[in-house]
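Take a look at the letters that make up each chain.
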Amino acid sequence: MIIVQYIILLTLIYLVLKNKDKSKLKDEKEKCVYCGNRIDSNFLYCPYCQETIKKKCDSCGKLIYSDWRLCPYCEKENNKEESYYGANRNNY
Ligand SMILES: [Zn+2]
Ligand SMILES: [Zn+2]
């Protein structure tokens, strides 16, 4: 009787650990598309290479990935080169 209970307990622990591992791998962490380092999925910028991962859409303000060509929420074009044009500091 005790052995059976022991086995059931072990199985339960095994299942719990297995599920934990899966969920850990699934969300929480994602890879930086630029340098491949593991970063938190909430990060807007990669702390390793300082590239922009996500940014706010100029039009609707929702978070979108910086390499998306347009915002899926409002269909406004995502101007990836914005910072370059914006930082055009009268060099002429
Ligand atoms: Zn990076
Ligand atoms: Zn938008």
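The residue numbers shown here count from 1 along each chain, following its written sequence. By the order in which they are written, chains take letters starting at A while ligands take numbers starting at 1. Totals for whole chains, interfaces and linings use all residues, but because this is a predicted model, local features are given only for residues with pLDDT of at least 70 and pairs of side-chain atoms are given and counted only at 80 or more.

### Some points on the overall build of the protein chain
Keep this limit in mind: What counts as a helix is a DSSP run of H or I of at least four residues, what counts as a strand is a run of E of at least two, and both are numbered from the N terminus. Partly exposed residues are those whose C-beta has more than 12 but fewer than 20 other C-beta atoms within 10 Å; with 20 or more the residue is buried, with 12 or fewer it is exposed, and the C-beta atoms are placed from the backbone. Throughout, a residue-residue contact means that the two C-beta atoms, derived from backbone geometry, are no farther apart than 7 Å.
Of regular secondary structure, the protein chain possesses 2 helices and 4 strands. For the protein chain, the α and β elements follow one another from N to C terminus as α-β-β-β-β-α. Taking all 92 residues of the protein chain together, 2% fall into the buried category. Contacts spanning at least 24 positions in sequence make up 2% of the contacts within the protein chain whose residues lie at least 6 apart.

### Quick word on unusual backbone geometry
We note that Gln-50 has phi near 65 degrees; this positive angle belongs to a residue other than glycine. In this fold, Gln-50 is placed in the loop between strand E2 (38-40) and strand E3 (54-56). Overall, the presence of 9 C-beta atoms within 10 Å leaves Gln-50 in the exposed class. Its identity is not glycine, yet Glu-75 carries a phi of approximately 65 degrees, on the positive side. The residue Glu-75 is located in the loop between strand E4 (63-65) and helix H2 (82-86) in this model.

### Comments concerning the environment of Lys-54
Note that Lys-54 resides in strand E3. With 16 C-beta atoms packed within 10 Å, Lys-54 lands in the partly exposed category. Sequence separation between Lys-54 and Phe-43 is 11 residues, and the spatial gap between their C-alpha atoms is 7.6 Å. Discounting chain neighbours no more than four positions away, the residues touching Lys-54 are Leu-44, Leu-63, Ile-64, Tyr-65 and Ser-66.

### Thoughts on the environment of Val-33
You can see Val-33 is positioned in the loop between strand E1 (29-31) and E2. With 13 residues separating them along the chain, Val-33 and Cys-46 place their C-alpha atoms 9.3 Å apart.

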